[in-house]
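Given next are the chains, with one letter for each unit.
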Amino acid sequence: MWKYILKRLIQMIPAILITSFIIYFSMNLTSGDPAMLVAGEKATPAQVEQVRQELGLNDPIVIRYLKYMGGMIRGDLGTSYVTKQDVFKTFMSRLPATLELSFASVLIAVLVSIPLGIYTAVNQNSWKDTAGMIFALFGVSMPNFWLGLMLIVLFSLNLGWFPSSGRAGFQSLVLPAVTVGLGLAALITRTTRSSMLDVIRQDYMRTARAKGASERRVIYKHGLNNALIPIITVIGLQLSNVLTGSVLAETVFSWPGIGRLIFDHISKRDTPMVTGAIIMCSILMCLVNLVVDIVYAFFDPRIKAQYVQK
Amino acid sequence: METTIEKTKSRSLASETWRRLKKNKGAIIGLIFLVVLVIAALASGFIYDYDTQIIGQNISQRLQRPSSEFWFGTDQVGRDIFARILYGARYSLSISAGSVLIGLITGIILGAVAGFYGGLADDIIMRIADVLYAIPNIMIAVVIVSLLGSSTINLLLALSVSAATSFARITRASVMTIRGQEYIESANAIGMPNWKIILKHVIPNCLSPIIVQVTLLIGTTIIAASSLSFLGIGVPAPAPEWGAMLSEGRDFMRSASYICIIPGLVIMATVLALNLLGDGLRDALDPKMKT
């Protein structure tokens with residue numbers, strides 16, 4: 001198992017290199033002259049040239065990329081053009097807010113969708129199934145930011161139960177987490193249902209019933225365990241959307257996370273901040289994917305056996 | 001007896017699919033909704049005058065609630081929301097259909113090349129697709145639009161990138177299963193050039209998953225386009241794009257929440273219709289998949 005994790009960590013290196021290469025070049029080739037931005041509007045051409053020297057912008061882009069990667073290994077992603085702060089530190093200061101929101105949303109999504117998916121599958125073709133599927137269909141068809149706004153209208157403007165923006169304690173987490181979580185729940189419900197439907201007709205389910213196991217045990221122990229792999233895959237794939245794609249929810253609720261950080265600095269053409277943050281996000285995603293693969297092994301002994309043999 | 005057999009044989013994939021699709025109530029409701037929406041969007045250009053009725057301000061009629069005169073009410077500068085929604089369908093539908101089309105063409109070509117030739121071409125194309133796949137599509141679009149500047153054309157390009165990765169994956173997977181089939185081998189044997197084999201034999205045989213994906217992706221792209229407009233980097237104001245309308249309503253959420261609610265409901269209804277149609281098409285094209 002450790003050998004496998006090590007192998008996967010080594011495999012991450014080329015993926016990160018490709019990502020950083022694409023992001024670095026596209027950001028640096030298209031975002032205009034950073035020296036003008038740093039020096040300010042009133043700077044003389046000589047001052048702009050001086051800034052360009054200081055930032056090393058006169059070097060060819062390939063050299064700049066190599067220097068950048070050298071810095072990255074030491075945990076140095078450069079300094080923001082706008083705030084003049086260290087990119088890595090800024091990223092890390094925003095990370096807890098994003099992780100908190102992601103964790104809460106995934107928790108809500110799982111708590112809603114897996115029971116609902118099982119319930120609809122067990123009651124296939126009944127009105128309960130239809131109702132559950134309609135919920136899921138509405139969930140995937142709804143723009144996330146709109147759901148957020150509707151929750152604000154209802155729960156914070158009319159009922160006054162939760163704050164409509166900011167990050168201050170548990171109460172402020174509820175609405176953003178429900179916004180992100182429900183969209184996710186819709187998708188996982190659909191996967192859980194179809195995965196359970198595949199499993200439910202298998203022979204081992206009949207065997208489990210025949211030997212006298214309770215219906216609950218048959219469904220949760222024998223059924224769900226075997227249906228979990230596609231469900232975990234979908235959750236894993238969606239995590240990238242939750243982690244960095246929650247820029248919309250973060251905008252609606254003024255949540256100080258990474259999505260918002262990237263969005264704010266893109267509009268200010270702050271190349272080091274955006275490049276660094278996106279590269280960090282992709283490293284984070286690679287790690288999340290690794291965790292998802294390890295979780296597979298945890299739930300499926302067949303997959304675990306493969307690792308042990310290696 | 002003989003005639004029935006002939007009839008069954010002569011039924012094409014399209015008519016067979018249509019026959020199955022007709023039985024699916026949800027898909028038909030979705031289809032009807034979309035047809036009506038497209039007709040309304042086309043007609044809105046003749047019914048309304050863009051400069052006076054769509055973007056022209058009329059302060060004396062501002063913030064009127066939905067009524068028999070203004071079905072969806074009026075917004076903060078007195079524009080009829082119903083008219084703007086109908087006109088806005090042109091933006092939302094053409095942007096999403098357009099970007100899916102661009103993504104479809106590039107994705108199919110790249111996916112077919114990757115799947116058909118394998119090797120280095122496959123490695124390069126698919127690794128780039130993997131990277132793009134790992135970054136959320138909204139983030140890719142945000143980066144592209146902010147770098148190129150916000151205009152309708154740039155929005156289209158930005159949204160087509162994630163569509164292209166998705167089509168490249170599907171096409172590649174289908175091509176790889178088809179590649180080894182005998183009819184490809186025989187086409188090769190009679191000396192058909194590779195591009196012709198891909199175009200005439202490979203692509204038509206992996207159309208089913210692609211058609212389904214087109215329908216579903218148009219829906220996701222409508223949401224993505226409106227999200228970008230909501231963030232202020234989509235279709236520039238004062239064009240009546242649905243996401244932009246919703247965003248403008250944010251400041252009036254307490255006093256006139258319908259400005260926000262209605263565009264959202266319309267987006268949801270449209271995407272719902274596309275999802276119903278897409279699910280129906282998937283079942284109709286591949287009955288084995290039906291659950």
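Scroll up for the structure.
The present account deals with the structure reproduced in this document. Since we're looking at a predicted model, the values are computed, not measured.

1. With respect to the overall build of chain A
Moving on, step 1. From N to C terminus, chain A includes 14 helices and zero strands.
Moving on, step 2. Counting only C-alpha atoms and orienting by the principal axes, one finds that chain A spans roughly 85 × 60 × 30 Å.
Moving on, step 3. By the burial criterion, 48% of the 310 residues in chain A qualify as buried.
Moving on, step 4. About 15,300 Å² of surface is accessible on chain A, with carbon and sulfur atoms providing 65% of the total.
Moving on, step 5. Separation between the mean location of the 28 positive side-chain charges and that of the 17 negative ones in chain A comes to 10 Å.

2. Digging into a nonpolar patch on the surface
Moving on, step 1. On the surface, a nonpolar cluster with roughly 530 Å² of combined accessible area is contributed by Leu-6, Leu-9, Ile-10, Ile-13, Leu-17 and Leu-287 of chain A.
Moving on, step 2. With five residues, the single largest contributor to the nonpolar patch is helix H1 (residues 2-30) of chain A.

3. So, the pattern of salt bridges
Moving on, step 1. In this structure the tally under the stated criterion is eleven salt bridges over all chains.
Moving on, step 2. As a salt-bridge pair, Arg-190 of chain A and Asp-279 of chain B come within 3.0 Å of each other at their nearest N and O atoms. On the criterion of chain membership, the pair formed by Arg-190 of chain A in helix H8 (residues 169-200) and Asp-279 of chain B in helix H13 (residues 258-285) is interchain, its members lying in two chains.
Moving on, step 3. Judged by its relative accessible area of 25%, Arg-190 of chain A is partly exposed.
Moving on, step 4. For Asp-279 of chain B, a relative accessible area of 16% translates into the label buried.
Moving on, step 5. In this structure, Arg-19 of chain B engages Glu-16 of chain B in a salt bridge whose closest nitrogen and oxygen atoms are separated by 2.9 Å. Residue Arg-19 of chain B and its partner Glu-16 of chain B are located together in helix H2 (residues 13-22), separated by three residues, close to a single helical turn.
Moving on, step 6. When its relative accessible area of 17% is taken as the criterion, Glu-16 of chain B is described as buried.

Criteria and thresholds
- Residues numbered from 1 in each chain as written.
- Chains lettered and ligands numbered in written order.
- Predicted model: local features only at pLDDT ≥ 70, side-chain atom pairs only at ≥ 80, totals over all residues.
- Heavy atoms only, no water.
- Helix = DSSP H or I, 4+ residues; strand = E, 2+ residues; numbered from the N terminus.
- Buried < 20%, exposed > 50% of the residue type's maximum accessible area, 1.4 Å probe, protein only.
- Areas by Shrake-Rupley, 256 points an atom, 1.4 Å probe, with all protein chains shown as cover.
- Lys, Arg positive; Asp, Glu negative; His and termini not counted.
- Charge placed at Lys NZ, Arg CZ, Asp CG, Glu CD.
- Patch = residues over 30% accessible without salt bridge, like charges linked within 9 Å, V, L, I, M, F, W, Y side chains within 5 Å.
- Salt bridge = Lys/Arg side-chain N within 4 Å of Asp/Glu carboxyl O.

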